[in-house]
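# Working through the structure, step by step
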Amino acid sequence: MHGNITETDIKGNRRHGDVAVSVWENLLDLSHSVYPKSCHPTPSTYYSRERSVFLFMNSAWRDTLRWAALIFVVTFFLSGFFNTSTILLDLADWWVGVLVVIAIVLVGIFFDIMGLAAAAARETPYHAMASERVHGAKQAILIVRNAEKFSNFCNDVIGDISGVLSGAATAVVVARIIESTDISGLFRQAIAILATALVAALTVSGKALGKAYAIRNANWIILQVGKFFYLMEQKFHIRLFAGNDKKKSRKRGGKRVVGKRQQPR
């Protein structure tokens, strides 16, 4: 010790009677008195945040799993139905089969354009159109907000089914061509390979052109799709996307505001 300086003072403590209080404890007490309690997170705060994130992830996964299950069922039945319909090509002429293959390829390209346009479109322009009561603008907003589901249906469901159907239909057409002509075995294999390669090349090149067109005209394409959905709702009362059309009400003073009209309570 040196004079009145004690060992606790050298270590940074000061004495209040018989109790030694740490300098850092004094600063901690000061921070609690200056800052509100919200600035001092507790273990329960961290637990509530982690629990909210966990619940959000669980709800998102549940929605994704429900959508995946629905797509599984839809794809199973659509694929089975259209694959069964290719059997009818055996009863038709080969040129009818060629037209059917071209139609299947065009359908795949068309839906691929719509799916990519939904992913590339922006939601902001449709709000201005909806305020001006443009038909299909509200439906376009719902399409953009559900772009992952819309793209999955157009690109994966319809696109993959179209690819499978075009291959199966091509095989049927090649068989019909071979039956109608006297061709040896080697030329038969060559015709089958050329026909399959031609259909694949048309599909890929057509989708390449369609993707470029979809990215450059995404907003216009989705607006046209929205107009089609609008007609489906007006004519057949079929809604493909669920939306909340109820007008939100807010309380201002003693009146309730519903849309643009003010009604007394």
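Fair warning: this is a prediction, and the values are worked out from it, not measured in the lab. (Residues numbered from 1 in each chain as written. Predicted model: local features only at pLDDT ≥ 70, side-chain atom pairs only at ≥ 80, totals over all residues. Heavy atoms only, no water.)

If you tally the helices and strands in the protein chain, you get 9 helices and 5 strands. Within the protein chain, the fraction of its 265 residues that count as buried is 26%. Considering only contacts within the protein chain whose residues lie at least 6 apart along the sequence, 70% involve residues at least 24 apart. Working note: accessible area of the protein chain is about 19300 Å², and carbon and sulfur atoms make up 64% of it. (Helix = DSSP H or I, 4+ residues; strand = E, 2+ residues; numbered from the N terminus. Buried < 20%, exposed > 50% of the residue type's maximum accessible area, 1.4 Å probe, protein only. Contact = heavy atoms within 4.5 Å. Areas by Shrake-Rupley, 256 points an atom, 1.4 Å probe, with all protein chains shown as cover.)

Let us now look at empty space enclosed by the protein. A full pass over the atoms with the stated rule returns 2 cavities of 30 Å³ or more. The space that makes up the largest cavity amounts to roughly 50 Å³. If you go around the largest cavity, the residues you meet are Ile-104, Val-105, Gly-108, Gly-159, Ser-162, Gly-163, Ser-166, Thr-203 and Lys-207. Among the elements of the structure, α4 (94-120), α7 (147-180) and α8 (185-216) are those that each provide at least two residues to the lining of the largest cavity. If you tally residues by element for the lining of the largest cavity, the top one is α7, at 4 residues. Considering only residue class, the lining of the largest cavity consists of 2 nonpolar, 6 polar and 1 charged. By volume, the second largest cavity amounts to about 30 Å³. (1 Å grid on protein atoms, 1.4 Å probe; cavity = no way out; pocket = protein on both sides within 12 Å on 5 of 7 lines; lining within 4 Å. Points joined across faces, edges and corners; volume = space filled by probe spheres on them. Nonpolar A, V, L, I, M, F, W, Y, C, P; charged D, E, K, R; others polar.)

This brings us to the packing of helix α6 (residues 137-145) against helix α9 (residues 218-236). In a pair of packed helices, the angle between the axes and the distance between the axes together describe the arrangement. Following both chains from N to C, one finds α6 and α9 inclined at 115 degrees, their axes separated by 7 Å at the closest point. The angle between the axes of α6 and α9 places the two elements in the roughly perpendicular class. Crossing hand, α6 versus α9: right-handed. Contact with α6, carried on its side by Ala-137, Gln-139, Ala-140, Ile-143 and Val-144, involves Ile-222, Leu-223, Val-225, Gly-226, Phe-229, Tyr-230 and Glu-233 of α9 and no other residues of that element. Grouping the amino acids of the contact of α6 with α9 by side-chain chemistry returns 9 nonpolar, 2 polar and 1 charged. (Axes fitted to C-alpha atoms, helices over the stretch in contact; angles between N-to-C directions. Parallel < 35°, antiparallel > 145°, perpendicular 65-115°, else oblique. Left-handed = near helix turned anticlockwise from the far one by under 90°.)

The next thing to look at is the pattern of salt bridges. For side chains bearing opposite charge, pairing can occur when the charged atoms are close. Inspection of every chain in the model, using the stated rule, returns 4 salt bridges. Where Glu-179 meets Arg-176, a salt bridge forms, and the shortest distance between an N and an O atom there is 3.5 Å. Of this pair, Glu-179 and Arg-176 are both found in helix α7, 3 residues apart, which corresponds to roughly one turn of the helix. For Arg-176, a relative accessible area of 25% corresponds to the partly exposed category. Among the salt bridges present, the one from Arg-239 reaches Glu-233, with a minimum N-O distance of 3.9 Å. Its relative accessible area of 17% is what places Glu-233 among the buried residues. (Salt bridge = Lys/Arg side-chain N within 4 Å of Asp/Glu carboxyl O.)

Approximately 570 Å³ is the volume found for the second largest pocket. Looking at the second largest pocket, it is lined by 23 residues, and the ones nearest its centre are Phe-150, Phe-153, Phe-229, Leu-240 and Phe-241. Put simply, the parts of the chain that give the lining of the second largest pocket at least two residues each are α3 (43-85), α4, α7 and α9. It is α9 that contributes the most residues to the lining of the second largest pocket, 7 residues altogether. Here the residues of the lining of the second largest pocket sort into 20 nonpolar, 2 polar and 1 charged.

Overall, the prediction assigns the protein chain a mean pLDDT of 76, with 68% of residues at 70 or greater. pLDDT under 50 marks residues 7-21. Its contacts with residues more than four places away, or in other chains, come to 16 contacts. pLDDT under 50 marks residues 244-265. Its contacts with residues more than four places away, or in other chains, come to 19 contacts. (pLDDT = per-residue confidence, 0-100.)

Turning our attention to the packing of aromatic side chains. Taken as a whole, this structure holds 4 aromatic pairs when the rule is applied. Consider the rings of Phe-150 and Phe-229, whose centres lie 6.4 Å apart with planes at 80 degrees: the pair is edge-to-face. Of the two residues, Phe-150 is situated in helix α7 and Phe-229 in helix α9; the sequence distance between them amounts to 79 residues. Take Phe-150 and Phe-229: they sit in the same class, and that class is buried. Centre to centre, the rings of Phe-228 and Phe-229 are 6.1 Å apart; their planes meet at 50 degrees, and the pair counts as tilted. (Phe/Tyr/Trp six-rings, centres within 6.5 Å; stacked < 30°, edge-to-face > 60°.)

What follows covers the packing of α8 against α9. Look at α8 against α9: their axes get within 5 Å of each other, and the N-to-C directions meet at 90 degrees. Looking at the two axes, α8 sits roughly perpendicular to α9. Residues Tyr-213, Ala-214, Ile-215 and Arg-216 of α8 form the contact with α9, whose own contacting residues are Ala-218, Trp-220 and Ile-221. Here the residues of the contact of α8 with α9 are counted per class, giving 6 nonpolar, no polar and 1 charged.

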